[in-house]
Amino acid sequence: MGPIGLQHYLVLGAILFVLGVIGIVSRKNAVGILISIELMLNAANINLIAFSRYSNKPIFPTTMPEAAYMDGQVFAIFVIILAACEAAVALAIILNLFNMFGTIEVDDADTMRG
Amino acid sequence: MGHYQPLLPDLILAMGATFILLLGPLRDSQNLRDFLRWISLGLVAATAATLVWVNHGMATPYPLVGEGWLTTAPLHTAFAVVFLATIAWTILASTVPDEDAGEWYSMLLFLGTGMIILARAANLAAVFLGLEVLSISLYILIAFRYSKRSSLRGGIMYLLLAGFASGFLLFGMALIYAVFGTLQIAEIRTLALATDMGPMAKVGFGLLLVGVGFKLAAVPFHMWTPEVYESSPGTVTGLIASSSKGAMLAAFIPFLFLLETHWSIIWLFAALSMVGGNLLGLREIRVKRILAYSSIAHIGYVLTGYLAGDTLSANAAFLPSITGVNAVFFYVVAYAASILGAFAALGYIQGERDLTLRDLRGVGRRNPVLAFCLLIFVWSLAGLPPAVGFFGKIYLFSAAINAGYFWLPLIGLLGSAIGIYYYLRIIVHLFMMPADASDPKVHASTLQEWVMLGSAVAVIALGLFPETIFSFLRAF
Amino acid sequence: MLNIDFIVYALLVTANAGVIIGLSYLLGWPRRSRVKNEPYESGIAPTGPAHVRTSIPYYLVGIAFILFDVEVLFLYTYGIVMYRLEWDGFFKAMLFLFFVFSGLVYIWLRGGLMWRHLSSKVSAKASSSQS
């Protein structure tokens, strides 16, 4: 098999991304969909960090070589934090939804006309 | 401290929003609410002034500030100022829930922060940051009336779909970063033009495009539009339709060089949106949904101008001085002026349930000022002269013709001809139908009526002097 | 060198995920028996229902905790380069902490930290919406 390299992380990222997409398409539960979205975002994160770690030489040379390697990691931190904010807002809305209707199935909330 | 200066607009707006958020819960009184309104208006004005001031004296065509995160290029700054104007308009025109005034104004200001970051982003990370700040504020604003089930439903629906879209967008960005080794949009542009792109970059740009398509609600990705537009407060609906999409368009202007090679799929998006949006609107009777479908069609028109790119073509036949991007800027201004007013007016009329065409009957007699304003906004949306929407379409389609497109402007003309039917239906129901037994309820304060009137006058005035918008753009 | 491999891998991954989910959908019908429905195969037998309703304030405080917990992530990165950034970096970190701290003040002003008050308010709202 050889040592763990960039390819392995790429495949891991791709698997997580596809699982996230499948989860969003197949689930009705709002929290389940939220988890799938987080899965997609974190799949991208894994890719970002793997590339910023492993690309000693970018496929194309850049004008600012040192900075290019850190970019991905900084971006990943921003993504983590923004995803947490999104999750907090989502959970707050879902909590209210559950308080009022007693369900968090998206389709059920859909058919309930206000 | 010199390098704080270019970030001053964003800092003022974000700190002001935080300040208002903390002031809101202190006391529950009408005086405080009025104070909060005027102070948020002042903050938006200060931000716009700082934007213009910071921008002054930058010579290079695509200057970078904030360690390469933002650009102060004239077009992007002009876009940011327009979005701030829409925020200011919304602050004045919105009906604020009594107990949550602080949160309402604060979220509007955070929405503005997201828009000006997104509009001036020079870095893929800044694009994502701006987009998420914008989206998270919008989720809260859509679900703001949290005791109403429809409002919560719209909020969670928009949240899940926008999250789905950001997932695609981010994965695309990760692949682009993998191939080019940089997040700077300008560097990506240079590298991509210099070499032939591999399949991985193509997949990356494709995923990026899917994300953008979702946010813009272009036709294959438009399903969420009617539900979300129906259930959010009127003024917020206007913001979703106009400036949140406009900010997205502004952020992706640097990527327009891809149009030549493999973003020709936008052609399909534009054509489908123009046909689909107008056809879907024909059979709808709920007014906000009609305008939601019309907004899908309008995104189609804007994408037509987008396809014309940011360069002047040599063999231009019509209006040769206007590039596609300038036409898009014009249209974003024109569309924002019309759709904000239209959705806000519907918000004043709306009662407890969904507003249908039947509910519009008698509004013309009940509140002639509001009905007249709505007439002007809808007239402009339909693209009939002398309102500003007419010139918007002319500039977009002529730019597309100059760039060598033939079918797309034709489809656009046919689409707008179809669209006139449902716009006229709104006008007919407003003025020419006898009122039902139940009187329509209109809640609009004096300030709101004045704001609507001013906005309607602006729609007509900009239509009479369309050059104003271009001279505004050139002033940066 | 990377590209074509990646495409092949991505396709394989997609197909693999699809096959696994499809197979589990086709083959895995639910078999239920008394032993199988117990939470643990060995160990302590459960007492009482598993679906305990946790109180709403717990979730609210939980959401707030997640936010503050994750926001501090920026400070780790700042910690690595703290000395190199000198006073300029310090001011930026303080600016960031100002925004985070404002969030805490907001929650406090809105009464989000008063557990007892919250539970009475939420239960009152729930009972009024049911009636």
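Only a predicted model underlies this, so the values are computations on that prediction, with no experimental measurement involved. (Residues numbered from 1 in each chain as written. Chains lettered and ligands numbered in written order. Predicted model: local features only at pLDDT ≥ 70, side-chain atom pairs only at ≥ 80, totals over all residues.)

(A) Expanded view of the overall build of chain A. For chain A, the helix and strand inventory stands at four helices and zero strands. Each helix (α) and strand (β) of chain A, taken in turn from the N terminus, gives the series α-α-α-α. Out of the 114 residues in chain A, the part that is buried amounts to 39%. In chain A, once contacts between residues fewer than 6 apart in sequence are set aside, the share between residues at least 24 apart is 53%. (Helix = DSSP H or I, 4+ residues; strand = E, 2+ residues; numbered from the N terminus. Buried ≥ 20, exposed ≤ 12 C-beta atoms within 10 Å, placed from the backbone. Contact = placed C-beta atoms within 7 Å.)

(B) Region of interest: the overall build of chain B. If you tally the helices and strands in chain B, you get 20 helices and two strands. In summary, chain B has a C-alpha radius of gyration of 21 Å against a globular reference of 23 Å for 476 residues, a match within 12%. Dimensions of chain B, computed from the C-alpha atoms along their principal axes, are close to 70 × 55 × 40 Å. Going through the 476 residues of chain B one by one, you find that 62% of them count as buried. Sequence separation of 24 or more characterises 80% of the internal contacts of chain B that already satisfy a separation of 6 or more. (Rg over C-alpha atoms; globule rule 2.2 N^0.38 Å.)

(C) Region of the structure containing the interface of chain A and chain C. Opposite the 19 residues of chain A that make contact, chain C presents 20 residues. Of all elements in the fold, only helix 1 (6–26) and helix 3 (65–101) of chain A reach the threshold of two or more residues within the side of chain A that touches chain C. With 11 residues, helix 3 of chain A is the largest single contributor of residues to the side of chain A that touches chain C.

(D) Inspection of the interface of chain A and chain B at higher detail. Chain A puts 42 residues into the contact, and the matching count from chain B is 34 residues. Looking at the side of chain A that touches chain B, the elements with two or more residues in it are helix 1, helix 2 (30–54), helix 3 and helix 4 (106–111) of chain A. It is helix 3 of chain A that provides the largest number of residues to the side of chain A that touches chain B, a total of 18 residues.

(E) Here's a closer look at the environment of L64 of chain B. Residue and element names in this part refer to chain B. As for its placement among the helices and strands, L64 is situated in strand 1 (residues 64–65). Judged by the 19 C-beta atoms lying within 10 Å of it, L64 is partly exposed. With 56 residues separating them in the primary sequence, L64 and R120 have C-alpha atoms 9.6 Å apart. Setting aside residues up to four positions removed in sequence, L64 forms contacts with T71 and A122.

(F) Inspection of the nonpolar core at higher detail. Counting residues in hydrophobic clusters, the biggest one holds 221 residues, and the most contacted among them are L118 and A345 of chain B. If near-sequence neighbours (up to four positions away) are discounted, L118 of chain B is found in contact with V127, G130, L131, L134, A247, M248 and A251 of chain B. (Core = buried A, V, L, I, M, F, W, Y, C linked by C-beta atoms within 7 Å.)

(G) Here's a closer look at the packing of helix 4 (residues 101–119) of chain B against helix 10 (residues 234–251) of chain B. Residue and element names in this part refer to chain B. Two numbers describe how helix 4 lies on helix 10: the axes approach to 7 Å, and their chain directions differ by 30 degrees. Put simply, helix 4 runs roughly parallel to helix 10. Counting all contacts with helix 4, which are made through L111, M115, L118 and A119, the residues of helix 10 involved are L239, S243, A247, M248, A250 and A251. Along the lines of polarity and charge, the residues of the contact of helix 4 with helix 10 split into nine nonpolar, one polar and no charged. (Axes fitted to C-alpha atoms, helices over the stretch in contact; angles between N-to-C directions. Parallel < 35°, antiparallel > 145°, perpendicular 65-115°, else oblique. Nonpolar A, V, L, I, M, F, W, Y, C, P; charged D, E, K, R; others polar.)

(H) Unusual backbone geometry, seen in detail. Looking along the chain, the bond that leaves P385 of chain B and enters P386 of chain B is cis, with omega of 5 degrees. Considering the arrangement of structural elements, one finds P386 of chain B in the loop between helix 16 (368–382) and helix 17 (388–402).

(I) Layout of the confidence of the model for chain B. Per-residue confidence for chain B averages 86 on the pLDDT scale, and 93% of its residues sit at or above 70. Predicted as a complex, the structure gets a pTM of 0.87 and an ipTM equal to 0.86. (pLDDT = per-residue confidence, 0-100.)

(J) Region of the structure containing the packing of helix 2 (residues 30–55) of chain B against helix 4 of chain B. Residues and elements named next belong to chain B. At their nearest, the axes of helix 2 and helix 4 sit 10 Å apart, and the two run at 10 degrees to each other. In terms of orientation, helix 2 and helix 4 fall into the roughly parallel class. The segment helix 2 lies against helix 4, with R33, L36, R37, S40, L43 and V44 engaging A101, G102, Y105, L108, L109 and G112. Residue composition of the contact of helix 2 with helix 4, grouped by class: seven nonpolar, three polar and two charged.

(K) Quick look at the domain arrangement of chain B. All names here are of chain B. Each assigned domain of chain B is listed here: domain 1 (1–263) and domain 2 (265–476). Spacing between the C-alpha centres of domain 1 and domain 2 amounts to 22 Å. In this complex, domain 1 contributes 39 residues to the contact, which on the side of domain 2 involves 44 residues. Where the side of domain 1 that touches domain 2 is concerned, the elements lending two or more residues are helix 3 (74–93), helix 8 (199–216), helix 9 (225–231) and helix 10. For the side of domain 1 that touches domain 2, the class distribution of residues is 23 nonpolar, 14 polar and two charged. (Domains from an automatic or database assignment.)

(L) Structural detail: the environment of Y395 of chain B. All names here are of chain B. You can see Y395 is positioned in helix 17. C-alpha separation for the pair Y395 and F330, spaced 65 residues apart in sequence, amounts to 8.1 Å. If sequence neighbours within four positions are ignored, Y395 has contacts with L319, I322, A327 and F330.

(M) Local environment of the confidence of the model for chain A. Residues and elements named next belong to chain A. On average, chain A scores 78 in pLDDT, and the residues at 70 or more come to 75%. For chain A, per-element mean pLDDT is lowest for helix 4, which scores 51, and highest for helix 2, which scores 89. For the stretch residues 57–65, pLDDT sits under 50, and the model shows 13 contacts to residues farther than four places along the chain or on other chains.

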